[in-house]
Amino acid sequence: MDFSYSEEELEVLDLVRQVADEQLAPNLAAIDESGEFSRGNFKLLGELGILGALFPEEYGGTDLGFLTYAMCVEEVSRGDFNTGLTMSVHSMSASTILKFGTKSQKEKYLPGAIAGTNLLAFALSEPDYGSDSASIKCHAKKVSGGYLLNGEKAWITNALDADQFVLWATIDPQLGKTGITSFIIEKGTKGLGIGPNEHKMGGGGTTTSSLILTDCFLPNENRLGEEGKGLRTALNSLSGGRIGIAANATGVSQRAINEAAAYSKKRIQFDVPICEFQGIQWKLADMDTKCEAGRLLYRKAAYMKQFAGNDINKDPIKEASQAKCYATDVGLEICSEAVQIFGGYGYSREYPVERLMRYIKVTQIFEGSNEIQRNLIARELLKS
Ligand SMILES: Cc1cc2nc3c(=O)[nH]c(=O)nc-3n(C[C@H](O)[C@H](O)[C@H](O)COP(=O)(O)OP(=O)(O)OC[C@H]3O[C@@H](n4cnc5c(N)ncnc54)[C@H](O)[C@@H]3O)c2cc1C
């Protein structure tokens, strides 16, 4: 693996770091408390070209590749985990169109997705099928000229704010995995209802809602990829998404370490700053080592994803799962230790670290829970 970066990549990363520090981080508390999605932050990423990293220049992208993209997600997430999550889910959805869409679908949806004027969401989970996504029941019945969709999708990130959804349904529930097909569905399509915002433990700056499809007609041109090949599409997109979540969790972990280290230099107990106690130093040392290990895992997976390109047989499934599972598990430990270093103040909403701890919990759950990641790692390991 070659982790050396070109001048252009270094410039982009510097820009993202500056944006994270100066424009995202100062507003995080207000955004999280408001519970509202920040369209402004999303548009800012588009205006600065940060949303284009995974996309070719013909659609307005910068084609910087998966490794630089994932590093940008880390930096954005260090500033604001909500915007980092949005960037990751949106890019995963738009990449699904890039990889599996027709030319006219790419021309229609990608320029806006890259410019930050179109927000995309990823709709796979259902109320009764989360981990078992191969059993989804949302029905896309074939009718003249297209499909009639009926069913429900659950837990969709940014559903209330999204302009388009990449959505999975089955053309026949009896077909099992071989019936699953993906579609692009626009906000405002007749028969598409959006449920209320879920009241969540953390991540108030993204909305999370259900989609209710009632006799919702989609013409053939809204089908994404081949009929019955949707599970492959979803799994390929999710491996990229998991690398994004690992980077998202690493950014949050790094923020927790920075906050805790700075606090430990200021907080005086027994007449000395608490950073002089070996008990605090060892906590910081372990937090930093774990964060760095998660960072290296996601960068390795991103590097492999970049070289897999469009060859889905080379998809780094095991490495993406290892990165997601490890970076998010240590992320919760790191954020919990950051709260501990702040003592009672860490438990207060006046200080930043409880927010990071509330948020990071969900990274162990979504885009495939960490139990499912361990199943995938073991499956790939035993195969070889
Ligand atoms: C805030 C938030 C945002 C989300 N955003 C999206 C989104 O944008 N799009 C989308 O499609 N989905 C989204 N999800 C859904 C998320 O992907 C699912 O919650 C997740 O896949 C787990 O599914 P579940 O909640 O149905 O849990 P279940 O599948 O019911 O699992 C319950 C428990 O059983 C464990 N378990 C299940 N099967 C196994 C097994 N075989 N071996 C061992 N343990 C197992 C799980 O790990 C978990 O601990 C989001 C969820 C949340 C909370």
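Note that this is a predicted model, so its numbers are computed, not measured.

Draft legend 1. Seen up close, the nonpolar core. Tyr69, Met87, Ile97, Trp168, Ile243, Met287 and Tyr298 are the most contacted members of the largest nonpolar core, which has 83 residues in total. Looking at this core, the element that brings in the most residues is helix H7 (residues 230-266), giving 13 residues. Leave out the neighbours within four places in its chain, and Tyr69 touches Ala53, Leu54, Met87, Ser88 and Ser91. Counting 20 residues, the second largest nonpolar core, distinct from the first, contains Tyr147, Ile156, Phe165 and Phe183.

Draft legend 2. Representation of the site of the ligand within the structure. Looking at the ligand, there are 18 residues lining it, with Phe122, Ser131, Trp155, Ser369 and Glu371 nearest. The backbone of Leu124 places a nitrogen or oxygen atom 2.9 Å from an oxygen atom of the ligand. Here Glu371 contributes a side-chain N or O atom positioned 2.7 Å from an oxygen atom of the ligand. For the shell around the ligand, the elements supplying multiple residues, two or more each, are strand S3 (146-157) and helix H11 (370-383). Tallied by class, the residues present in the shell around the ligand amount to eight nonpolar, seven polar and three charged.

Draft legend 3. Geometry of the packing of aromatic side chains. Overall, the coordinates contain 11 aromatic pairs when judged by the stated rule. Centre to centre, the rings of Phe37 and Phe42 are 6.4 Å apart; their planes meet at 50°, and the pair counts as tilted. Taken as a pair, Phe37 and Phe42 share a single burial class, namely buried. An aromatic cluster is present here, built from Tyr263, Phe342, Tyr345 and Tyr351 joined pairwise through their rings.

Draft legend 4. Inspection of the state of the cysteines at higher detail. Summed over all chains, the structure comprises zero disulfides. We note that Cys325 lacks a disulfide partner, and the nearest cysteine sulfur, in Cys291, lies 16 Å from it.

Draft legend 5. Summary view of the pattern of salt bridges. Applying the stated criterion across every chain, the model contains 25 salt bridges. Across the pair Glu75 and Arg78 runs a salt bridge, and its minimum N-O distance is 2.8 Å. Linking Glu75 with Arg78, this pair stays in helix H4 (residues 66-79), spanning three residues, or about one helical turn. For the salt bridge of Glu186 with Lys108, the shortest nitrogen-to-oxygen distance reads 3.6 Å. In this pair, Glu186 is assigned in strand S5 (residues 180-186) and Lys108 in helix H6 (residues 103-115), connecting sequence segments 78 residues apart. Given the relative accessible area of 25%, Glu186 is considered partly exposed. Within this structure, Asp14, Arg17, Asp21, Glu75 and Arg78 form a network of salt bridges that share partners.

Draft legend 6. Representation of the pairing of strand S2 (residues 139-143) within the structure. Pairing between S2 and S3: five bridges, direction antiparallel. In the strand pairing of S3, Lys141 is matched with Leu148. Counted along the chain from S2 to the antiparallel partner S3, the turn is two residues long, and its residue Gly145 has a positive phi close to 85°.

Draft legend 7. Expanded view of the packing of H4 against helix H8 (residues 278-308). Between H4 and H8, the least distance of the axes is 7 Å, while the angle of their chain directions is 145°. Handedness of the H4/H8 crossing: right-handed. Contact residues: Phe66, Leu67, Ala70, Met71 and Glu74 in H4; Arg295, Tyr298, Arg299, Ala302, Tyr303, Lys305 and Gln306 in H8. Residue composition of the contact of H4 with H8, by class: seven nonpolar, one polar and four charged.

Draft legend 8. The environment of Thr206, seen in detail. Residue placement: Thr206 occurs in the loop between strand S6 (192-194) and strand S7 (208-219). Measuring from C-alpha to C-alpha, the distance between Thr206 and Thr83 comes to 8.0 Å, with 123 residues separating the pair along the chain. When sequence neighbours within four positions are dropped, the list of residues in contact with Thr206 reads Asn82, Leu85, Thr86, Thr157, Asn158, Asn197 and Lys200.

Definitions and limits used
Residues numbered from 1 in each chain as written. Predicted model: local features only at pLDDT ≥ 70, side-chain atom pairs only at ≥ 80, totals over all residues. Heavy atoms only, no water. Core = buried A, V, L, I, M, F, W, Y, C linked by side-chain atoms within 4.5 Å. Buried < 20%, exposed > 50% of the residue type's maximum accessible area, 1.4 Å probe, protein only. Helix = DSSP H or I, 4+ residues; strand = E, 2+ residues; numbered from the N terminus. Contact = heavy atoms within 4.5 Å. Near = heavy atom within 4 Å. Polar contact = N/O pair within 3.5 Å; in protein donor to acceptor, adjacent residues only side chain to side chain. Nonpolar A, V, L, I, M, F, W, Y, C, P; charged D, E, K, R; others polar. Phe/Tyr/Trp six-rings, centres within 6.5 Å; stacked < 30°, edge-to-face > 60°. Disulfide = S-S within 2.5 Å. Salt bridge = Lys/Arg side-chain N within 4 Å of Asp/Glu carboxyl O. Pairing = 2+ DSSP bridges. Axes fitted to C-alpha atoms, helices over the stretch in contact; angles between N-to-C directions. Left-handed = near helix turned anticlockwise from the far one by under 90°.

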